[in-house]
Amino acid sequence: VQLVESGGGLVQPGGSLRLSCAASGLTFSRYHMSWYRQAPGKERELVARIVSAGGSTTYADSVKGRFTISRDNAKNTVYLQMNSLKPEDTAVYYCSARLASTTLDYWGQGTQVTVSS
């Protein structure tokens, strides 16, 4: 299984970025997909999750109304649209895949998002 994140970078406060995570080596539609982030000196935290069926989503309170998670099962890709970015969103963002009804997790290598003027 391989998860490859892309789309990170440097953006000014109030700006937008879209992260992508391309998955291979798995039956994508059977996996819940999540985005986590880890800022320096802090624990990794869940940002957003979308279930394998593609309907239900969950967001951290800190990103509700600003971030949107979506998936394209035909492309084996999950996205995180991030709008109205704040300096406190600065972190390494990780993609994670969990096989439905299990605790089997896979992780990507992470992509850096820096929000700064």
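Asks: What should I look at first to understand the environment of Val-1 in this one?
Replies: With respect to the helices, strands and loops of the structure, Val-1 is situated in the segment before strand S1 (2–6). In this structure Val-1 comes out as partly exposed when scored by relative accessible area, which is 47%. Once the C-alpha coordinates of Val-1 and Ser-16 are considered, the two residues, 15 residues apart in sequence, prove to be 29 Å apart. If sequence neighbours within four positions are ignored, Val-1 has contacts with Ser-24, Gly-25, Leu-26 and Tyr-106.

Asks: How should the sheet that holds strand S3 (residues 17–24) be read in this particular structure?
Replies: Two pairing modes exist for strands in a sheet, parallel and antiparallel, and in both the strands are linked by backbone hydrogen bonds. Across the sheet, four strands lie side by side as S1-S3-S8-S7; this open sheet has antiparallel pairing. Both outer strands of the open sheet, S1 and strand S7 (67–72), are each paired with one neighbouring strand and no more. Recorded for the sheet is a direction-independent mean angle of 15 degrees between the axes of neighbouring strands.

Asks: Where do I start with the side chain of Arg-66 in this structure?
Replies: Residue position: Arg-66 is located in the loop between strand S6 (57–59) and S7. Within polar-contact distance, the side chain of Arg-66 engages the side chain of Asp-89 at 2.8 Å. The contacts of Arg-66, once residues within four sequence positions are left out, are Gln-81, Met-82, Asn-83, Ser-84, Leu-85, Lys-86 and Asp-89.

Asks: I would appreciate a short explanation of the packing of aromatic side chains in the present structure.
Replies: Centre-to-centre distance and the angle between the planes together describe a pair of aromatic rings. Under the definition given, this model contains two aromatic pairs. When the ring of Tyr-31 is compared with that of Tyr-106, the centres are 6.3 Å apart and the planes differ by 50 degrees; the resulting orientation is tilted. Of this pair, Tyr-31 sits in strand S4 (residues 31–38) while Tyr-106 sits in strand S10 (residues 105–107), and the two are 75 residues apart along the sequence. On the basis of relative accessible area, Tyr-31 is assigned to the buried category, the value being 7%.

Asks: Mind showing me how you'd approach the state of the cysteines here?
Replies: Such a bond, covalent and formed between the sulfur atoms of two cysteines, is termed a disulfide. If you walk through the whole model with that rule in mind, you get one disulfide. The disulfide that involves Cys-21 links it to Cys-95, with 2.1 Å between the sulfurs. A torsion of -80 degrees about the S-S bond marks the disulfide between Cys-21 and Cys-95 as left-handed. With Cys-21 in strand S3 and Cys-95 in strand S9 (residues 91–99), the pair connects residues that are 74 residues apart, well separated along the chain. Residues Cys-21 and Cys-95 agree in their burial class; the two are buried.

Asks: Looking at this structure, how should I read the nonpolar core?
Replies: It is characteristic of soluble globular proteins that their nonpolar side chains tend to be buried jointly. Core analysis: the largest hydrophobic core is formed by 30 residues, its most contacted members being Met-33, Trp-35, Val-78, Leu-80, Met-82 and Tyr-93. For this core, the secondary structure elements donating two or more residues are S3, S4, strand S5 (45–50), S7, strand S8 (77–82), S9 and strand S11 (111–115). Excluding residues that lie within four positions of it along the chain, Tyr-93 makes contacts with Glu-5, Leu-19, Trp-35, Tyr-36, Arg-37, Val-47, Phe-67, Leu-80, Met-82, Gly-110, Thr-111 and Val-113.

Asks: Help me out: how do you make sense of the pattern of salt bridges in this one?
Replies: Any two side chains of opposite charge can pair, given that their charged atoms come close. Taken as a whole and judged by the stated rule, the model has five salt bridges. Two residues, Arg-37 and Glu-45, come together in a salt bridge whose shortest N-O distance is 2.7 Å. Accessibility expressed as a relative area gives 6% for Arg-37, which makes it buried. Here Glu-45 falls in the partly exposed class, since its relative accessible area comes to 33%. Residue Lys-64 is joined to Asp-61 by a salt bridge in which the shortest nitrogen-to-oxygen separation is 3.1 Å. The exposed category is assigned to Lys-64, whose relative accessible area is 51%. The class for Asp-61 is exposed, based on a relative accessible area of 65%.

Parameters at a glance
- Residues numbered from 1 in each chain as written.
- Predicted model: local features only at pLDDT ≥ 70, side-chain atom pairs only at ≥ 80, totals over all residues.
- Heavy atoms only, no water.
- Helix = DSSP H or I, 4+ residues; strand = E, 2+ residues; numbered from the N terminus.
- Buried < 20%, exposed > 50% of the residue type's maximum accessible area, 1.4 Å probe, protein only.
- Contact = heavy atoms within 4.5 Å.
- Pairing = 2+ DSSP bridges.
- Axes fitted to C-alpha atoms, helices over the stretch in contact; angles between N-to-C directions.
- Polar contact = N/O pair within 3.5 Å; in protein donor to acceptor, adjacent residues only side chain to side chain.
- Phe/Tyr/Trp six-rings, centres within 6.5 Å; stacked < 30°, edge-to-face > 60°.
- Disulfide = S-S within 2.5 Å.
- Core = buried A, V, L, I, M, F, W, Y, C linked by side-chain atoms within 4.5 Å.
- Salt bridge = Lys/Arg side-chain N within 4 Å of Asp/Glu carboxyl O.

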